[in-house]
Amino acid sequence: MATVELKSARTSEVDPNKAASALCDALGPTPPKLVTIFASSEHDHVALNRAMRERLPKGTRVIGATTGGEIDNTGMHHGSVVASALTGDLEVGIGLGKGLSVDAVAAGAQAIARAADDFGVRLQDLDPKKYVGVVIDDGFRYKKEELLLGVLDKCPAITLVGGGAGHTNLGSPDAVGHVHADGEVATDAVLVALVKTNANWGALRSHWYKPTGELVRITKVDETCTRALEIDGQPAAKRYAELLGVAIDELEFGKPNGFARRPTAMKVGREHFIRAPWKPLPDGSILFANLLEEGTDLELMELGDPSGMTRKFFEEELPRRVPSPSAALLFHCGGRAWVAQALGEAERLSDSFRAAPPSAGFNVHFEIYSGFQINTTLTVLAFGRNDA
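How each quantity is defined
Residues numbered from 1 in each chain as written. Predicted model: local features only at pLDDT ≥ 70, side-chain atom pairs only at ≥ 80, totals over all residues. Heavy atoms only, no water. Pairing = 2+ DSSP bridges. Helix = DSSP H or I, 4+ residues; strand = E, 2+ residues; numbered from the N terminus. Axes fitted to C-alpha atoms, helices over the stretch in contact; angles between N-to-C directions. Contact = heavy atoms within 4.5 Å. Buried < 20%, exposed > 50% of the residue type's maximum accessible area, 1.4 Å probe, protein only. Lys, Arg positive; Asp, Glu negative; His and termini not counted. Salt bridge = Lys/Arg side-chain N within 4 Å of Asp/Glu carboxyl O. Polar contact = N/O pair within 3.5 Å; in protein donor to acceptor, adjacent residues only side chain to side chain. Expected span 1.5 Å × (residues − 1). Arc of directions from axis to C-beta. Core = buried A, V, L, I, M, F, W, Y, C linked by side-chain atoms within 4.5 Å. Parallel < 35°, antiparallel > 145°, perpendicular 65-115°, else oblique. Left-handed = near helix turned anticlockwise from the far one by under 90°. Phe/Tyr/Trp six-rings, centres within 6.5 Å; stacked < 30°, edge-to-face > 60°. Lys NZ or Arg CZ within 6 Å of the ring centre and 35° of its normal. Nonpolar A, V, L, I, M, F, W, Y, C, P; charged D, E, K, R; others polar.

Side note on the pairing of strand β19 (residues 277-280)
Alright, step 1. Bridge count between β19 and strand β20 (residues 286-288): three bridges; the pairing is antiparallel. When the sheet's bridge partners are listed, Pro 277 is paired in β20 with Phe 288.

So, the sheet that holds strand β11 (residues 184-186)
Alright, step 1. Strand order across the open sheet formed by six strands is β1-β6-β2-β3-β10-β11, with mixed pairing between neighbours. Each edge of the open sheet is held by one strand with a lone partner, namely β1 (4-11) and β11. Neighbour to neighbour, the strand axes of the sheet diverge by 15° on average, direction disregarded.
Alright, step 2. Of the pairings in the sheet, the one linking strand β3 (residues 61-67) to strand β10 (residues 179-181) comprises three bridges and is antiparallel in character. Paired with Ile 63 across the two strands is Ala 181, which belongs to β10.
Alright, step 3. Of the strands in this sheet, β2 (34-40), β3, β6 (81-88), β10 and β11 are in contact with helix α2 (residues 45-55), which crosses β2 at around 150°.

A closer look at the side chain of Arg 336
Alright, step 1. For Arg 336, the location among the structural elements is in helix α7 (residues 334-342).
Alright, step 2. Despite its burial, Arg 336 remains without a salt bridge, the nearest opposite charge being carried by Glu 367 at 7.1 Å.
Alright, step 3. Within the local environment of Arg 336, its side chain forms a polar contact with the side chain of His 332, the two groups lying 2.9 Å apart.
Alright, step 4. The contacts of Arg 336, once residues within four sequence positions are left out, are Ser 206, His 207, Trp 208, Thr 310, Leu 349, Thr 376, Thr 377 and Leu 378.

Examining the pattern of salt bridges
Alright, step 1. Counted according to the given criterion, the structure contains 26 salt bridges.
Alright, step 2. Between Arg 227 and Asp 222 there is a salt bridge whose closest N-O contact spans 3.1 Å. Each of the two residues, Arg 227 as well as Asp 222, counts as buried.
Alright, step 3. Among the charged side chains, a salt-bridge network with shared partners connects Arg 53, Arg 61, Asp 118 and Asp 182.

Here we look at helix α1 (residues 16-27)
Alright, step 1. For α1, which comprises twelve residues, the first-to-last C-alpha distance of 16 Å matches the rise-based estimate of 16 Å (1.5 Å per residue) to within 8%.
Alright, step 2. When α1 is considered as a whole, its buried residues turn out to be Pro 16, Ala 19, Ala 20, Leu 23, Cys 24 and Leu 27. The buried side chains of α1 occupy one side of the element, clustering within an arc of 120° when seen end-on. Across α1 from its buried face, at more than 90 degrees, point the exposed residues Lys 18 and Asp 25.
Alright, step 3. The N-capping residue of α1, defined by a side-chain oxygen 3.1 Å from the backbone nitrogen of Asn 17, is Asp 15.

Focus on the nonpolar core
Alright, step 1. Among the nonpolar cores identified, the biggest contains 85 residues, and Ile 136 and Phe 314 are the most heavily contacted of them.
Alright, step 2. Membership of the second largest hydrophobic core comes to 24 residues, among which are Ala 107, Ala 111, Val 135 and Leu 160.

A closer look at the packing of α1 against α2
Alright, step 1. Between α1 and α2, the least distance of the axes is 8 Å, while the angle of their chain directions is 45°. As summarised for this structure, α1 and α2 are arranged oblique, according to the angle between their axes. Between α1 and α2 lies a crossing of right-handed hand. Residues Pro 16, Asn 17, Ala 19, Ala 20, Ser 21, Leu 23 and Cys 24 of α1 form the contact with α2, whose own contacting residues are Ala 47, Leu 48, Ala 51, Met 52, Glu 54 and Arg 55.

Re the environment of Arg 261
Alright, step 1. When you line up the elements, Arg 261 lands in the loop between α5 (236-244) and β17 (264-268).
Alright, step 2. If near-sequence neighbours (up to four positions away) are discounted, Arg 261 is found in contact with Tyr 209, Pro 256, Met 301, Glu 302, Leu 303 and Leu 343.

Quick word on the packing of aromatic side chains
Alright, step 1. Under the counting rule described, the total for this entry stands at twelve aromatic pairs.
Alright, step 2. Centroid distance Phe 314 to Phe 353: 5.7 Å. Interplanar angle 55°. Geometry classified as tilted. Taken together, the residues Phe 314 in helix α6 (residues 306-321) and Phe 353 in the loop between α8 (346-352) and β23 (359-364) connect sequence positions 39 residues apart.
Alright, step 3. Every member of this aromatic cluster is reached through a ring pair, and the members are Phe 38, Phe 331 and Phe 362.
Alright, step 4. In this structure, Lys 279 packs its charged tip against the face of Trp 278, placed 5.4 Å from the ring centre.

A few points about the packing of helix α3 (residues 104-117) against helix α4 (residues 144-152)
Alright, step 1. Where α3 meets α4, the axes come as close as 6 Å, and the angle between the chain directions of the two elements is 40°. When the axes of α3 and α4 are compared, the pair comes out oblique. Between α3 and α4 lies a crossing whose hand is right-handed. Only Glu 146, Leu 147, Leu 149, Gly 150 and Val 151 of α4 make contact with α3, whose side of the interface consists of Ala 104, Val 105, Gly 108, Ala 109 and Ile 112.
Alright, step 2. The class makeup of the residues in the contact of α3 with α4 is seven nonpolar, two polar and one charged.

Description of the sheet that holds strand β12 (residues 189-196)
Alright, step 1. The sheet built from six strands is open, its strands ordered β7-β12-β8-β9-β24-β25 with mixed pairing. Of all strands in the sheet, those with a lone pairing partner are β7 (91-98) and β25 (372-374), marking the two edges. Neighbouring strand axes in the sheet, compared pairwise and without regard to direction, differ in orientation by 20° on average.
Alright, step 2. Summarising the sheet, strand β8 (residues 131-138) and β12 pair through seven bridges and their orientation is antiparallel. Following the sheet pairing, Val 134 is matched in β12 by Ala 193.

Honestly, it's all geometry; don't read function into it.
Okay, here's the thing in structure tokens:
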């Protein structure tokens, strides 16, 4: 029987050595194949990584990130460290690509190549049924779509899931995301961890929106391809506000009646990938978190029950897709936590993680799923037992 098991631990201890001792003691004596470290940006990540490495077996691989909130099966937390130990049928290769802000495509290619080198396998020969990639980037470089081109260039069939390293203060102009790759902690970088397993696994995503069938067309964008200048041939912010029946100053993501309530999504097959607008700008345009292309049709979505839909995902969809789930890594959009707080849903949303399989995760700065950058979404890498 092939299986991957996960055990998590959490501490609010700030001292790196005390935190590492508490976490490693709680994770137990079984040597893990992979350890994850998701910690508030208030912690000294270099010192924390060093302290964890000193206490872990030399063969244990380590990945991690700064967070906008830490997640385990008791809910969402802030100011803490959540670690997990994965054991069982898995092998891990890790690669770090640097210089995201200079050449994100090259950084992505470098990261996946180094991870594959750990297995001694060419990128073209990665079996997409046996290998899956976890991607964690410095989310504040806003380079996901470019880095994904590099990651997928020579292995386009590989499944990717993950999100951006976060920060306690998302609004800070100095916010950066730190990523852990074994004994190194870096910013302006992207981590790719390739996991090889014979256990059942699945990359999944969950959002709390319902399709409406109402389409809008991006008719004009700026030279950066991140600002919609016109939607349906009209000034973008004016048109979106008209569609929602609100004033332009009510649109910004996080406000209760704007983009967070009625975002846009790209339909891919039968799935809707949320690509919500971010904020209206003084010139009448709308800033998006992802790249835009003129002539693209996006579907307006409608807010459902945030906490109820998240709990239902854990109780019904995840075990249907990955039978007998035994481990899950969670990459939860920091914007979802923000919206839940605004809607008075934060406590219920936090409580919904009790329905997940054994888990560890964090609030990320934008998400990665199946090679796409998305937002306002929970992305998950889940493992189950394979009795074959």
